[in-house]
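Here is how the chains run, residue by residue.
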Amino acid sequence: MGRVCGRRRGWAMSRKWLRVAKEIGSETNKMRPKRIILIRHAESQANEDESILSHVPDPKVGITGRGTRQAHDLGEALKDIVQDEKVFFHCSPYMRAKRTLEEIVSRFPKGQYLAREEPRIREQDFGNLQCHDPHLTGNKLAAKMSEIKKEREHFGRFFYRFPNGESGADVYDRVSTFLETLHRDFDKPGFGPWLYNNVGLVSHGIFMRLFLMRWYRWSVEEFEALENFKNAEYVIMERQDNGPHRDQYEVLNKESKLRPWKGINMPSWSEQQPYVTLRQSPTYAPWD
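So, here is what we can say about the structure in this document. (Residues numbered from 1 in each chain as written. Predicted model: local features only at pLDDT ≥ 70, side-chain atom pairs only at ≥ 80, totals over all residues. Heavy atoms only, no water.)

This next bit is on the overall build of the protein chain. On a plain count of helices and strands, the protein chain comes out with 9 helices and 7 strands. The proportion of buried residues among the 288 residues of the protein chain is 48%. Contacts in the protein chain between residues at least 24 apart in sequence constitute 77% of all its contacts with a sequence separation of at least 6. When the accessible area of the protein chain is evaluated, it comes to approximately 15,200 Å², of which 50% is carbon and sulfur surface. (Helix = DSSP H or I, 4+ residues; strand = E, 2+ residues; numbered from the N terminus. Buried < 20%, exposed > 50% of the residue type's maximum accessible area, 1.4 Å probe, protein only. Contact = heavy atoms within 4.5 Å. Areas by Shrake-Rupley, 256 points an atom, 1.4 Å probe, with all protein chains shown as cover.)

The next thing to look at is the packing of aromatic side chains. Tallied over the entire structure, the rule returns 11 aromatic pairs. Ring geometry for F89 against F108: centres 6.2 Å apart, planes inclined by 85°, an arrangement best described as edge-to-face. One end of the pair, F89, is in strand β2 (residues 87–91); the other, F108, is in the loop between α4 (95–105) and β3 (113–117), with 19 residues separating them in the sequence. The class of F89 is buried, set by a relative accessible area of 2%. Members of the aromatic cluster, joined through ring pairs, are F178, F207, F211, W215 and Y249. (Phe/Tyr/Trp six-rings, centres within 6.5 Å; stacked < 30°, edge-to-face > 60°.)

This part takes up the packing of helix α3 (residues 65–82) against α4. In contact at an axis separation of 7 Å, α3 and α4 are set at 45° when each is read in the N-to-C sense. Viewed along their axes, α3 and α4 adopt a mutual orientation that is oblique. In the crossing of α3 with α4, the sense of the turn from one axis to the other is right-handed. For the pair formed by α3 and α4, the contact residues are T68, A71, H72, L74, G75 and L78 on the first element and T100, E103 and I104 on the second. Class assignment for the residues of the contact of α3 with α4 results in 4 nonpolar, 4 polar and 1 charged. (Axes fitted to C-alpha atoms, helices over the stretch in contact; angles between N-to-C directions. Parallel < 35°, antiparallel > 145°, perpendicular 65-115°, else oblique. Left-handed = near helix turned anticlockwise from the far one by under 90°. Nonpolar A, V, L, I, M, F, W, Y, C, P; charged D, E, K, R; others polar.)

Here we come to the pattern of salt bridges. Pairs can form between side chains of opposite charge once their charged atoms are near each other. A complete count under the given rule lists 17 salt bridges for this structure. The residue R96 makes a salt bridge to E123 at a minimum N-O spacing of 3.6 Å. Within this pair, whereas R96 is found in helix α4, its partner E123 is found in the loop between β3 and α5 (139–155), the two being separated by 27 residues in sequence. When sorted by exposure, R96 lands in the same class as E123, which is buried. Between E118 and R120 there is a salt bridge, with its nearest N and O atoms 2.9 Å apart. Judged by relative accessible area, which is 23%, R120 ranks as partly exposed. Linked through salt bridges whose partners overlap, the residues forming this network are K34, R35, E85 and E238. (Salt bridge = Lys/Arg side-chain N within 4 Å of Asp/Glu carboxyl O.)

Soluble globular proteins tend to pack their nonpolar side chains together in the buried interior. Residues L38, L210, F211, L212, W215, Y216 and M237 are the most contacted members of the largest nonpolar core, which totals 31 residues. Mapped by element, the contributors of at least two residues to this core are β1 (35–40), α6 (168–186), β4 (198–203), α7 (205–216), β5 (234–239) and β6 (249–251). Top element by residues in this core is α7. It accounts for 9 residues. Of all hydrophobic cores here, the second largest spans 19 residues; its members include I63, F89, L101 and V105. (Core = buried A, V, L, I, M, F, W, Y, C linked by side-chain atoms within 4.5 Å.)

For the rest of this paragraph, the subject is the pairing of β4. Among the 6 residues that make up β4, 6 are buried, leaving the element largely enclosed by the rest of the structure. The side-chain alternation of β4 yields two buried faces, one formed by N198, G200 and V202 and the other by V199, L201 and S203. Of the strand pairs in this sheet, β1 and β4 are connected by 6 bridges, and their pairing is parallel. Directly across from L38, in β4, lies its bridge partner L201. Relative to β4, β2 runs parallel, the two being bridged by 5 bridges. Each residue of the ladder has a partner; that of H90, found in β4, is L201. (Pairing = 2+ DSSP bridges.)

Among the secondary structure elements, T64 is positioned in the loop between α2 (45–48) and α3. Here the alpha-carbon distance between T64 and A46, two residues 18 residues apart in the chain, equals 9.1 Å. Setting aside anything within four residues of it in sequence, one finds T64 in contact with E43, S44, Q45 and E48. Within the structure, the side chain of T64 is placed 3.0 Å from the backbone nitrogen of G67, a separation counted as a polar contact. (Polar contact = N/O pair within 3.5 Å; in protein donor to acceptor, adjacent residues only side chain to side chain.)

Attention now moves to α7. With 12 residues, α7 ought to run about 16 Å at 1.5 Å a step, and its terminal C-alpha atoms sit 17 Å apart, in line with that. Among the 12 residues of α7, 12 are classified as buried, and the element is accordingly described as predominantly covered. Within α7, burial applies to G205, I206, F207, M208, R209, L210, F211, L212, M213, R214, W215 and Y216. In the segment just after α7, R217 is the residue with positive phi, at about 60°. (Expected span 1.5 Å × (residues − 1).)

Next up, the structure:
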């Protein structure tokens, strides 16, 4: 009889501590921003003419006139979304991302945003593209890069490593350490939602997809099925305050933003991983 009573007390204590842990978790999640907005830079000079990489280092490639207009319109769109809420921007140190951010914040009044340069959200390193071979410049270099990218398609976007550069797996590791920093930032008393309801990451297409992969725990197959984001395209991850997915982030407009590559069928998502999903609606995941 004593053993039975002891077990019952143990079960009651377990339920109590589970309830307490849930309440603590709920209070902690109130520190999380309302939105996390992933933003790809506007059209760059290399997007217009890849041969520029033969004589301009990738980090110093700027944006085009059309890219400037894209970034300006992007700033208008983001301002309409956040209204008067404050935004904390993290920006890649690459020139095209910085110029994009400059245009975005020109639509915001001073005091509504804070910006920080973050090297870990930079572009994937494609190797030293500045060519010292006089026979491999301009269009020939662009053709060489096209050949390398075809090899990547055959090998796989996640594991293929560019000569003297990075693989997608390397960028994934950078994403993971950056998420740890974000987690610590969100817990700081000076960061709470009463100051910054929105976090904006001005970065690059590969980083955006790998950020989503890491956050939502997608598989390599799921990551490789996704098409890259367009210039000046953005994805909003919004915290859910009610319903069964409370305190979790949903990707808004995922039907238009998460596009499969042409000719690639989306994989069948595991029923054992309810938050690892692209087909099923909605796309949710807890803080990780």
